Amino acid sequence: MKLSTRGRYGLRFMLDLAVHYNEGPIFLKDIAQRQGISEKYLWQLIHPLKTAGLINSTRGAHGGYQLAKNPEDITLKDIMQVVEGPLCLVDCVDNASICERASTCITRNVWQEATRVILKTLESLTLETMVKRQTEKEKQAT
């Protein structure tokens, strides 16, 4: 099981905005440069994040992107669901009707439990928490 590039880059994009929260709109090129992600790839993430109400954009010379909410109000689950889609390990977890064995399949129960643990973890972490963790990690590295 692997997280897609969309998920990894989407979280890094949002974390960068959280680190620079209250600094006004941030240029996409600056985020791309800091995160080592192409602007072209980040463009693909902007529309779904904007549609979900997680980021705002401002046009013009002083334009850019910023969080639409406080970092403490955006969970990793919010972000991952927008950029990755449904966060279940197998399709039958969300929709038992797609599998005729769902009612008797013990492995479905395992996937349900694992999905619950992942979702609980992602719900418990906010962008604010991640910024604090990053700050601590950077202090330890110096």
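Quick note: structure is the one above.
This text gives an overview of the structure that appears in the document. (Residues numbered from 1 in each chain as written. Predicted model: local features only at pLDDT ≥ 70, side-chain atom pairs only at ≥ 80, totals over all residues. Heavy atoms only, no water.)

## Comments concerning the packing of aromatic side chains
Let me state the cut-off plainly: Planes of paired rings set the category: under 30 degrees apart is stacked, over 60 is edge-to-face and the rest tilted, where pairs are Phe, Tyr or Trp rings (Trp by its six-membered ring) whose centres lie within 6.5 Å. Starting at the N terminus, helices and strands are each numbered in turn, a helix being any DSSP run of H or I of at least four residues and a strand any DSSP run of E of at least two. The buried label goes to any residue with under 20% of its type's maximum accessible area, the exposed label to any with over 50%, and the partly exposed label to all in between, with areas taken from a 1.4 Å probe on protein chains only.
Within this structure, the stated rule accounts for two aromatic pairs. Ring plane angle 80 degrees and centroid distance 5.2 Å describe the contact between Tyr9 and Tyr41, whose orientation is recorded as edge-to-face. Highlighted residues: Tyr9 in helix 1 (residues 5-19) and Tyr41 in helix 3 (residues 39-51), separated in sequence by 32 residues. Tyr41 carries the same exposure label as Tyr9, and that label is buried. Where Trp43 meets Tyr65, the ring centres are 6.3 Å apart and the plane angle is 90 degrees; that geometry is what we call edge-to-face. A residue pair is termed long-range when its members are at least 10 positions apart, and Trp43 in helix 3 and Tyr65 in strand 2 (residues 64-67) qualify at 22 residues. On the basis of relative accessible area, Tyr65 is assigned to the buried category, the value being 10%.

## Describing helix 1
For clarity, the cut-off: Expected helix span is taken as 1.5 Å per residue step, with the number of steps being one fewer than the number of residues. Note on definitions: a residue-residue contact is assigned when non-hydrogen atoms from the two residues lie within 4.5 Å. Each polar contact in these results corresponds to two N or O atoms within 3.5 Å; when the atoms are within protein, one needs to be able to donate a hydrogen and the other to accept it, and residues that are neighboring in sequence are counted only if both atoms are side-chain atoms.
Its 15 residues place the ends of helix 1 21 Å apart at the C-alpha level, agreeing with the 21 Å of an ideal helix rising 1.5 Å per residue. Buried residues belonging to helix 1 abut helix 2 (28-35), helix 3, strand 1 (55-58), strand 2, helix 4 (76-84) and helix 7 (127-141). Between the side-chain oxygen at the start of helix 1 and the backbone nitrogen of Arg6 there is a gap of 3.2 Å, and the oxygen is on Ser4.

## Description of helix 3
Let me state the cut-off plainly: A residue's bend is given by the angle between axes fitted to the 7 residues ending at it and the 7 residues starting at it.
Helix length check: helix 3, at 13 residues, gives a terminal C-alpha distance of 19 Å against a target of 18 Å (1.5 Å per residue), a fit within 8%. Helix geometry: helix 3 is bent most strongly at Leu45, by close to 25 degrees, with proline Pro48 lying one to four residues after it. Of all the positions in helix 3, only Tyr41, Leu42, Leu45, Ile46, Pro48 and Leu49 are classed as buried. Check the buried side of helix 3 and you find it contacts helix 1, helix 2, strand 1, strand 2 and helix 4. Where helix 3 ends, the next residue or the one after it, Gly53, has phi of about 80 degrees, a positive value.

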